[in-house]
Amino acid sequence: MWRPALWPLPALRIGGRAYLAGDKNKGFERYFKEARRLLGYGEVVRREGPYRVALLEKEKEAPPLPPLWHTFKARLLDREFTFRHLPGVFSAGKVDPASLLLLEALKGEVGDLKGRSVLDLGAGYGALTLPLAHLGGEVTAVEDDWGSVLSLEESLRANGLRASVLHSDVDEALTEGARFDIIVTNPPFHVGGAVILDVAQAFVEAAAARLKPGGGFFSGG
Ligand SMILES: C[S@@+](CC[C@H](N)C(=O)[O-])C[C@H]1O[C@@H](n2cnc3c(N)ncnc32)[C@H](O)[C@@H]1O
């Protein structure tokens, strides 16, 4: 199996070298073993606390890469959507149940979104953005992971839907005065294996600042 972080390795010529750095508590060993199996040679050359650096050398041609784009369909709020995504995005190949639950709760509370401005914080490949745009919302989607941004744009195209997609750390790319009727998020709670609440907290703070008076904030998880 090719882990996305190892995808550049086929670009090495035979005899070419790659250096792999990581934390042994956050998957370094798995990446190292896989890279060594694919390239032929590898050894750990530096250790400091949990951190490791490995040197790898390409001794043999690597197997061909799998297709970059993955496509799947999901039925959300009575419509089937086609999602397209790159490797490494959140909830690859299947919409997260928390996102579906959030959509159902929002539809129950708000109903039609025609003409209403919606902010999707941490939009991923668009599990929330697409159905909300389909319900008539004027959706602005912010997302800091570039692969997710490209996936969201591709998913919107695949379904003939429109939204404003911004590559953004939390709400940084929004204009200062941008305010919304509805804000949704299924925030990230993990980095690697660890529970990290900083981004979720930044999302909640952004939502508090960006919501119009009387607006609705929907958060899943
Ligand atoms: C749990 S996923 C939810 C994705 C999507 N809304 C869904 O329901 O499937 C959280 C998303 O937040 C994004 N994210 C993490 N940190 C971020 C940040 N600082 N600014 C913007 N997006 C961020 C992640 O890349 C990920 O796509």
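The coordinates are above.
The following paragraphs examine the structure supplied in this document. The model shown is predicted, which means the values in this text are computed figures rather than measured ones.

## Considering the overall build of the protein
Now for step 1: Each helix and strand counted, the protein has five helices and 12 strands in total.
Now for step 2: Along the three orthogonal principal directions, the C-alpha set of the protein runs to about 60 × 35 × 30 Å.
Now for step 3: Taken over 221 residues, the protein has a buried fraction of 45%.
Now for step 4: The long-range share in the protein, meaning contacts at least 24 apart out of those at least 6 apart in sequence, stands at 62%.
Now for step 5: Of the roughly 11,900 Å² of accessible surface on the protein, a fraction of 53% belongs to carbon and sulfur atoms.

## Some points on the site of the ligand
Now for step 1: Around the ligand, the surrounding shell holds 18 residues, and the nearest of these are S99, G122, E143, D169 and V170.
Now for step 2: One of the side-chain N or O atoms of S99 is found 2.7 Å from an oxygen atom in the ligand.
Now for step 3: Between the ligand and D169 there is a distance of 2.7 Å, counted from a nitrogen atom to a side-chain nitrogen or oxygen.
Now for step 4: Taking 590 Å² as the accessible area of the ligand by itself, protein coverage stands at 91%.
Now for step 5: Looking at the shell around the ligand, its residues break down into nine nonpolar, five polar and four charged.

## Topic: the sheet that holds strand β12 (residues 211–219)
Now for step 1: Strand order across the open sheet formed by five strands is β8-β7-β6-β9-β12, with parallel pairing between neighbours. Every other strand in the sheet has two partners, leaving β8 (164–167) and β12 as the edge strands with one partner each. Averaged over all pairs of adjacent strands, the angle between their axes in this sheet comes to 20 degrees, without regard to strand direction.
Now for step 2: Sheet topology places strand β6 (residues 117–121) next to strand β9 (residues 180–185); four bridges connect them, and they run parallel. When the bridges of β9 are listed, L121 appears paired with T185.
Now for step 3: Against the sheet, helix α2 (residues 97–110) makes contact with β9 and β12, and its axis sits at roughly 145 degrees relative to β12, the strand it touches most.

## As for the nonpolar core
Now for step 1: Counting 31 residues, the largest nonpolar core has F83, V95, L106, L132 and V184 as its most contacted members.
Now for step 2: Counting residues per element, the ones that place at least two in this core are β4 (70–76), β5 (79–85), α2, α3 (129–134), β7 (138–143), α4 (146–158) and β9.
Now for step 3: With residues near it in sequence (within four places) discarded, V95 still touches F72, A74, L76, F83, L100, Y125 and A127.
Now for step 4: One finds L6, A18, L39 and L56 within the second-largest nonpolar core, a separate group that totals 13 residues.

## Description of the pairing of β9
Now for step 1: In terms of residue burial, β9 counts as a mostly covered element, since six of its six residues are buried.
Now for step 2: Inspection of the sheet shows β9 paired to β12 by five bridges, in the parallel sense. By the bridge assignment, T185 is partnered in β12 with S219.

## Description of the sheet that holds strand β1 (residues 17–23)
Now for step 1: Across the sheet, three strands lie side by side as β1-β3-β2; this open sheet has antiparallel pairing. If you trace the sheet from one side to the other, it starts and ends with β1 and β2 (40–48), each paired once. Going across the sheet, the axis of each strand differs from the next one's by a mean of 20 degrees, ignoring polarity.
Now for step 2: For β2 and strand β3 (residues 51–58), the ladder comprises eight bridges, and the chain directions are antiparallel. Within β3, the residue paired with R46 across the bridge is V53.
Now for step 3: Running over the sheet, helix α1 (residues 28–39) touches β1, β2 and β3 and is turned about 150 degrees from β2.

Rules of the game
Along each chain, numbering runs from 1 in the same order as the chain's sequence is written. Selection of residues for local features in this predicted model requires a pLDDT of at least 70, selection of side-chain atom pairs for listing and counting requires 80 or more, and totals for whole chains, interfaces and linings are taken over all residues. Computation of side-chain values: all heavy atoms of the structure, hydrogens and water removed. A run of H or I in DSSP counts as a helix once it spans at least four residues, and a run of E counts as a strand once it spans at least two, with each numbered from the N terminus. Partly exposed residues are those whose accessible area sits between 20% and 50% of the maximum for their type, while under 20% is buried and over 50% is exposed, using a 1.4 Å probe and protein chains only. The contact criterion used throughout is that any non-hydrogen atoms of two residues lie within 4.5 Å. Areas reported as accessible are Shrake-Rupley estimates using a 1.4 Å probe. Residue values count occlusion only from the protein chains shown. To be near a molecule or strand, a residue needs just one of its heavy atoms within 4 Å of it. By the criterion applied in these results, polar contacts are pairs of N or O atoms within 3.5 Å in which, for protein atoms, one can donate a hydrogen and the other can accept it, and in which residues neighboring in sequence qualify only through two side-chain atoms. When residues are sorted by character, Ala, Val, Leu, Ile, Met, Phe, Trp, Tyr, Cys and Pro go into the nonpolar class, Asp, Glu, Lys and Arg into the charged class, and all the rest, Gly among them, into the polar class. In this scheme, strands are said to pair when DSSP sees at least two bridges between them. Where helices are involved, their axes are fitted lines through C-alpha atoms of the stretch in contact, as for all axes, and angles between N-to-C directions lie from 0 to 180°. Residues grouped as a nonpolar core are buried Ala, Val, Leu, Ile, Met, Phe, Trp, Tyr and Cys residues, joined through side-chain atoms within 4.5 Å.

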